[in-house]
Amino acid sequence: MRLAMIGSGYVGLVTGACFAEMGNNVICVDIDDKKIEQLSQGIVPIFEPGLDKMIKRNLKKGNLHFTTDVKFAIENSDIIFIAVGTPQSEDGSADLNHVLKAAEDIGRYLDHEAIIVDKSTVPVGTADRVKETINAQLKKRFGDRVPFEFDVVSNPEFLKEGDAVADFMKPDRVVVGASNEKSMKIMKELYRPFTMNHERFIAMDVRSAELTKYAANAMLATKISFINEISRIAEAVGADINKVRVGIGSDKRIGYYFIYPGVGYGGSCFPKDVRALEKMAEDNGIEPEIIKAVQHVNQAQRYYFLNKILSKFGEDLEGRVFAIWGLAFKPQTDDMREAPSITIIKELTKRGAFIKAYDPEAMENAKSFWLKDVKAIEYLPNKYDALNDADAMILLTEWKEFRSPDFYEIKKRLKNPVIFDGRNQYNKEFLKEFGFEYYQVGCRT
Ligand SMILES: NC(=O)c1ccc[n+]([C@@H]2O[C@H](COP(=O)([O-])OP(=O)(O)OC[C@H]3O[C@@H](n4cnc5c(N)ncnc54)[C@H](O)[C@@H]3O)[C@@H](O)[C@H]2O)c1
């Protein structure tokens, strides 16, 4: 099939590359000329395991194209995906400017029958707005006699950064919301190669599909905030959250996924989507009590962890040096959007501390954007160099390379053998015997 992706970010690129891999002809469009220039040469601007090889392979085969020419992409595609960003606007709702701009472009250039797919995460009712926006442009061109039909369907994306290619190739489910039977059939056919092993295609109406995405992210964020709240209770009452986690996860109805205590969730999706769901509920007369509490607990968790450091070293951190292991909001990505590391590093440097940071993938993003205003920071090429003469090591992202480090080396390099582990990666008893002062989330030291 002939496909266009409007927006070539995490979602547009992965979706485009995976559809091309299955033999479709895909045109990825973006307004960012630098990004498109790089991608056309096979240079992938984001870190996502497996993505660069897939892009290079399909570029070479000739079924994946990159362009800034949105007109060309629309004129040469039968299924047009809108995969642009939907950031948080000031009032907390999803900012639909990019989505509606893409819809306007479609209305301006579409000259044949097509299916328009909302892939971006958008509030309920957006498909109707996209349709209206396209129709308004078509009316300008054709009056009341538009010589072709189009349909707008919802197909929210559930991929996880860091596992995005694997998630897309073997999805848990593909959700499509459509009101037109023909569109639903075509979408089912498009996804057939990804669901051949067993049926994973879930068909529903457009509004339910739109809400499904928000409900899924809010549920996952709720699990994280729930375990984080329990972690604080555990510490206060003298229990160990690591044991409680296993104790509750063993119940199949609860499960082990997403109940790891830590420094709170971040990333490009959970924070903005949970906030947008709150706004959507309020706009529709519903008081979203759980959704509000989830966000409150998430913010508070960063400060609960920060307070452990301040309790040890005091409020005045002038002259203190901290080694930070991990900047990305989670492992296997260079994405730092809403990463807890940003809050913690800013709070520490605000009090006079100096940071020696290491992350396997996110340091460029930190340096050039997220932490560019932080002066008291040095980025080191490996995790051990970041430890030299530091008062403590602070682990904030659970990269695999941090799981079994050389504790002799850590002890040798640190000024004091102190570790603050924001992801509960190590064995408390083992580190104690090793002579470390070791702080975790959700249990006493
Ligand atoms: N990142 C994720 O893990 C993830 C997962 C599921 C769903 N989503 C959702 O998918 C959507 C896209 O997210 P993302 O992370 O890929 O965003 P992103 O910021 O990485 O990419 C968006 C891209 O769209 C481009 N763009 C903006 N306006 C454009 C226009 N008018 N024409 C062409 N290109 C345009 C931008 O330049 C950018 O490259 C969001 O709604 C997000 O919530 C993201």
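All figures in this text were calculated on a predicted structure; none of them were measured in a lab.

Much of the literature gives interface size as the accessible area that the parts lose upon coming together. Per the domain assignment, the segments making up the protein chain are domain 1 (2-204) and domain 2 (219-439). One C-alpha centre belongs to domain 1, the other to domain 2, and the line joining them spans 34 Å. The contact between domain 1 and domain 2 buries some 1400 Å² in all, and 51% of this surface belongs to carbon and sulfur atoms. For the domain 1 face of the interface with domain 2, the top three residues by lost area are Phe 47, Gln 88 and Glu 161, together amounting to 41%. Linking domain 1 with domain 2 are 2 salt bridges, by the criterion used here.

The next thing to look at is helix α13 (residues 340-350). With respect to burial, α13 is a largely interior element, 9 of its 11 residues being buried. All of the buried residues in α13 are Pro 340, Ser 341, Ile 342, Thr 343, Ile 344, Ile 345, Glu 347, Leu 348 and Thr 349. The secondary structure elements touched by the buried residues of α13 are α12 (289-313), β9 (321-325), β10 (354-358), α14 (363-370), β11 (377-379) and β12 (392-395). Note on α13: the residue one or two positions beyond its end, Gly 352, has a positive phi of about 100°.

With that out of the way, let us pick up the side chain of Thr 133. Structurally, the position occupied by Thr 133 is in helix α6 (residues 126-142). On the basis of relative accessible area, Thr 133 is assigned to the buried category, the value being 18%. Each residue touching Thr 133, except ones within four places of it in the same chain, is listed here: Leu 100, Ala 103 and Glu 104.

Another point: α6. For α6, built from 17 residues, the straight-helix expectation of 24 Å at 1.5 Å per residue is met to within 8% by its first-to-last C-alpha distance of 24 Å. All of the buried residues in α6 are Thr 126, Ala 127, Val 130, Thr 133, Ile 134, Gln 137 and Leu 138. Considered in projection along α6, the buried side chains sweep an arc of 130° and stay on one side of the axis. In α6, those exposed residues whose orientation departs by more than 90 degrees from the buried face are Glu 132 and Lys 140. The elements touched by buried residues of α6 are β4 (79-82), α5 (97-109), β5 (114-118), β6 (150-154) and α9 (206-237). Gly 143 sits one or two positions beyond α6 and adopts a positive phi of about 65°.

What counts and how
Residues numbered from 1 in each chain as written. Predicted model: local features only at pLDDT ≥ 70, side-chain atom pairs only at ≥ 80, totals over all residues. Heavy atoms only, no water. Domains from an automatic or database assignment. Buried area = accessible area lost by both parts, 1.4 Å probe. Salt bridge = Lys/Arg side-chain N within 4 Å of Asp/Glu carboxyl O. Buried < 20%, exposed > 50% of the residue type's maximum accessible area, 1.4 Å probe, protein only. Helix = DSSP H or I, 4+ residues; strand = E, 2+ residues; numbered from the N terminus. Contact = heavy atoms within 4.5 Å. Expected span 1.5 Å × (residues − 1). Arc of directions from axis to C-beta.

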